[in-house]
Amino acid sequence: MRLLKALELIKSDNLISYHMPGHKNGHHVPEVFQEILKYDITEIPGSDHLHDAKGCILETECLISRLYNSEKSKLLINGSTVGILSMIMGLTGRGDKVLVNRNAHKSIYNALEMNGLNPIYIYPEVDDFLGIPTDLKLDEIEDVKICILTYPTYEGLCYSIKDIIALCHSKGIPVIVDEAHGAHLFLHDQGPKSSLELGADVVVQSFHKTLPAMTQSACIHIGKNHILSDFQLERLDWYLKTLQSSSPSYVLMASVDAMLTVVEQQGKALSQELEFNIEAFYKRADHLKHLKFIRLKNGDITKLLLSIPLDNFFPDYWDGHVISQMLREKYRIQSEYDTATLVLFMTSISTSKDDFEALNIALERLDQWFEVSLADKFNLDNSDVIDKTMGKYNVVYRTIERENNFVYSASDAVLMNKKTVNREDCIGCIAAEYIIPYPPGIPILVPGERITKAVVNLFPKEVNEVKIIIEIAEVYNE
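Residues numbered from 1 in each chain as written. Predicted model: local features only at pLDDT ≥ 70, side-chain atom pairs only at ≥ 80, totals over all residues. Heavy atoms only, no water.

Description of the state of the cysteines
Thought 1: If you walk through the whole model with that rule in mind, you get zero disulfides.
Thought 2: Cys 429 provides the cysteine sulfur closest to Cys 426, a residue in no disulfide bond, and the two sulfurs are 6.4 Å apart.
Thought 3: Overall, the relative accessible area of 0% leaves Cys 426 in the buried class. (Disulfide = S-S within 2.5 Å. Buried < 20%, exposed > 50% of the residue type's maximum accessible area, 1.4 Å probe, protein only.)

Considering the packing of helix α4 (residues 79-90) against helix α8 (residues 230-243)
Thought 1: Packing of α4 against α8 brings their axes to within 8 Å, and their N-to-C directions diverge by 145°. The crossing of α4 and α8 is right-handed. For the pair α4 and α8, the contacting residues are Val 82, Gly 83, Leu 85, Ser 86, Met 87, Met 89 and Gly 90 in the first and Gln 232, Arg 235, Leu 236, Tyr 239, Leu 240 and Leu 243 in the second. (Axes fitted to C-alpha atoms, helices over the stretch in contact; angles between N-to-C directions. Helix = DSSP H or I, 4+ residues; strand = E, 2+ residues; numbered from the N terminus. Left-handed = near helix turned anticlockwise from the far one by under 90°. Contact = heavy atoms within 4.5 Å.)

Thoughts on the sheet that holds strand β1 (residues 72-76)
Thought 1: Read from one edge of the open sheet, seven strands run β1-β9-β8-β7-β6-β2-β3, paired in mixed fashion. A single partner strand is all that each edge strand has here, and the edge strands are β1 and β3 (118-122). Within the sheet, the average angular offset between the axes of one strand and its neighbour, ignoring direction, is 20°.
Thought 2: With five bridges connecting them, strand β2 (residues 97-101) and β3 associate as parallel partners. In the sheet register, Val 98 faces β3, and the bridge partner there is Pro 119.
Thought 3: Here α4 sits on the sheet and contacts β1, β6 (146-150), β7 (175-178), β8 (202-206) and β9 (218-222); the angle it forms with β8, its principal contact strand, is near 165°. (Pairing = 2+ DSSP bridges.)

Remarks on the pattern of salt bridges
Thought 1: One pass over the structure, following the stated rule, counts 16 salt bridges.
Thought 2: As a salt-bridge pair, Lys 38 and Glu 35 come within 3.5 Å of each other at their nearest N and O atoms.
Thought 3: The salt bridge partner of Arg 398 is Glu 125, with a shortest N-O separation of 3.8 Å. Here the residue Arg 398 occupies a position in helix α13 (residues 393-403), and Glu 125 occupies one in strand β4 (residues 125-126), the gap between them amounting to 273 residues.
Thought 4: Relative accessible area serves as the criterion here: at 23%, Arg 398 is assigned to the partly exposed category.
Thought 5: Classification of Glu 125 by relative accessible area gives partly exposed; the value is 37%. (Salt bridge = Lys/Arg side-chain N within 4 Å of Asp/Glu carboxyl O.)

Considerations on the environment of Asp 237
Thought 1: With respect to the helices, strands and loops of the structure, Asp 237 is situated in helix α8.
Thought 2: In this structure, the C-alpha to C-alpha distance between Asp 237 and Gly 90, residues 147 residues apart in sequence, is 7.7 Å.

Some remarks on unusual backbone geometry
Thought 1: In this structure, Pro 152 follows Tyr 151 across a cis peptide bond, with omega equal to -10°.
Thought 2: Mapped onto the elements, Pro 152 comes out in the loop between β6 and α6 (161-170).
Thought 3: Backbone geometry places Arg 332, a non-glycine residue, at a positive phi of 55°.
Thought 4: Along the chain, Arg 332 falls in the loop between α10 (320-331) and β12 (337-338).

Quick look at the structure:
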């Protein structure tokens, strides 16, 4: 019996609650919550135990494993973050060297810091204007404990991860993947494949990001052909039990179970319908004059990347921030995020044909508005504006890669005495904080790295002060 069915049976018993939680089946809460909170129970007979699943939760996890073709899959009730922390800390020991892409989520950096790991970074290629990663390659490999990758990226880049996995496995190095944005990939026959299918050892996915499940629902998969030791698997399981609550949300887990039914019964058909609607959307959007959509090679087709042609790019008048704001205020359309040069729209099998129609119409009207209201105003050479605005992001990260300023692990650095200094006074010091410009969300400074003039020149303009390690700063400046 699956989880949602078990909860429905418990609900039908109309039990008088003398157990947790304190709302007692939804009493004294707003009416909008009352029905859903009848599913918000604790570990009572019939509800199973997340950390020692033998009943309905195990049934649901077995279905996840079968759908995703894993050796084993486990529900996560604290989002992908807890899975990422657990797999990194479970598979490494303090002081280990690990390969990791520099454009990693903060939870990965947190895990590196918590376990005192020494990262060896893989730097992505980055589009200078859009500020997003466009490729990631690994040609050589060092002696490391594990390789940690992000796939797909936030914007949907799916690079040749299969080649990286093969190279690492040839050296006996496990590959673990933050695939928070890829839980839907297995539904699409065309396009990029999931890293789980391509041979990754451990993969974490967020159901809620790209499938119809509640926020914070996620899972962790063990690959069928993994190269992990029994000890690593035991430590991984220990961290999952340790870092997650002993009072898991049955509402979140039930939303996953409901999502699985949709995916199992309608997933392929809905994904095909989505692909058809996306292609129709692009065909119509191709007629826009002052906006264009970027389609990444090997990109996740469900991510729509809107950009402004260089000839029409004018910060604060016609840029990503302005367009996103106008879509919200005039057309009730909320994008996922925006930068000066980019607006990201996330679709899923729950995005309807009417939703695409609304976005097409809104963009056409904005395009016409620019034609009538702003085109003449900006009928001039904007090359100087573009030159000043472009982030030259690839230069930024090639500079960081070349500088290679590692001195201490982040876990050691954050425990040292610190002080704050002005931006111009931090050169030669050791950083005690992260500096992460958005876009593209890749740290240009990590605690424990020496701050050079080249790196300071890359700081966002709003960074006026920097936290540094006192002892190192004083020695270096003598």
